[in-house]
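This is what each chain is made of:
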Amino acid sequence: MELDFAEATDRGRVRDHNEDYLGCALPEIAEREHSHGWLFVLADGVGGQEKGEVASRTAVETLLADFRGAARDQPLRTLLPRLVQNANEKVYEAGLAAKPRGAPMATTVVACALRHDRAVVSHVGDSRCYLIRGGRARGITRDHTMVSEQARLGLISDREAAEAETRHVLTRSLGNAMFVGVDTSEHLVLAGDVLLLCSDGLHGAVPAGEIADIVTPGADLNVAARQLIDAANERDGGDNVSVQ
């Protein structure tokens, strides 16, 4: 597999600090490309709780370290959700250990592992993964939010969900309890595909169609990443925004 990637993060126009965190584990040698592959992780510390930036960093660094240390040739479909579950425990324990008297902390996470012609995506919360193919950006994760659940049940329309004041209220996140439900999916990757991980600072401001217009076939991914962040800040700017 020939793979190109870019990543960028920005605190936005309103927040005084950035609670997003991202990182990647790349195969250092060809042998690990076949035995482990690549891992990309993005997390968005939950606002309104303490130490969101600690939660997001703990989640990402735990996932990357565990992926690098995993036994060779483990099926990504079972490995990745297990690693996310361990990251959840680390965030939960970090909250309990914080002084004084603990500090509740939580974060979303979306992780994408690639090996051969397959991508496995695990996520908790409302950070998303899009598959961009043929000029169209299609979400391959489902937000764990109250309005997303209502839309899935047909109680409100997708448009109402996108405009609801409660659209950022999460039903799941890392760090709230010792165990969390992790959604995982597997996808065939074709030549020319782009997988985009992002926090809600992007998808809450920039529609999928515009994302696809920016990430065009053959685009310079570093330029596209910056353009996505600029578009989010121009449209809104009220939240941290991160893309991989």
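Above this note sits the structure.
Residues numbered from 1 in each chain as written. Predicted model: local features only at pLDDT ≥ 70, side-chain atom pairs only at ≥ 80, totals over all residues. Heavy atoms only, no water.

## Some thoughts on the side chain of D193
Mapped onto the elements of the fold, D193 is located in the loop between β8 (183-188) and β9 (194-198). Note on D193: relative accessible area 17%, which makes it buried. A distance of 2.7 Å separates the side chain of D193 from the side chain of R133, its partner in a polar contact. Setting aside residues up to four positions removed in sequence, D193 forms contacts with L131, I132, R133 and L188. (Helix = DSSP H or I, 4+ residues; strand = E, 2+ residues; numbered from the N terminus. Buried < 20%, exposed > 50% of the residue type's maximum accessible area, 1.4 Å probe, protein only. Polar contact = N/O pair within 3.5 Å; in protein donor to acceptor, adjacent residues only side chain to side chain. Contact = heavy atoms within 4.5 Å.)

## Brief notes about helix α2 (residues 52-68)
Here α2 contains 17 residues, and its C-alpha end-to-end distance of 25 Å stays within 8% of the 24 Å for a straight helix at 1.5 Å per residue. By the burial criterion, the buried members of α2 are G52, A55, S56, T58, A59, V60, T62, L63, L64 and F67. Taken together, the buried residues of α2 touch β2 (20-25), α1 (30-35), β3 (38-45), α3 (76-97) and β4 (107-115). (Expected span 1.5 Å × (residues − 1).)

## Some details on α3
With 22 residues, α3 ought to run about 32 Å at 1.5 Å a step, and its terminal C-alpha atoms sit 31 Å apart, in line with that. L76, L79, L80, P81, L83, V84, Q85, A87, N88, V91 and G95 are the residues of α3 that are buried. Check the buried side of α3 and you find it contacts β3, α2, β4, β5 (118-124) and β8.

## Points about the pairing of strand β6 (residues 128-133)
With five bridges joining them, β6 and β9 adopt antiparallel strand pairing. Note that in β9 the partner of C129 across the bridge is L197. Sheet topology places β6 next to strand β7 (residues 136-139); four bridges connect them, and they run antiparallel. The residue of β7 that forms the bridge with I132 is A137. Connecting β6 to the antiparallel partner β7 that follows it, the hairpin turn spans two residues, and G134 within it adopts a positive phi of roughly 60 degrees. (Pairing = 2+ DSSP bridges.)

## Remarks on unusual backbone geometry
Among all residues except glycine, the phi angle is most often negative; among peptide bonds, the trans geometry is most common. For D73, which is not glycine, the phi dihedral falls at a positive 65 degrees. Turning to its location among the elements, D73 is positioned in the loop between α2 and α3.

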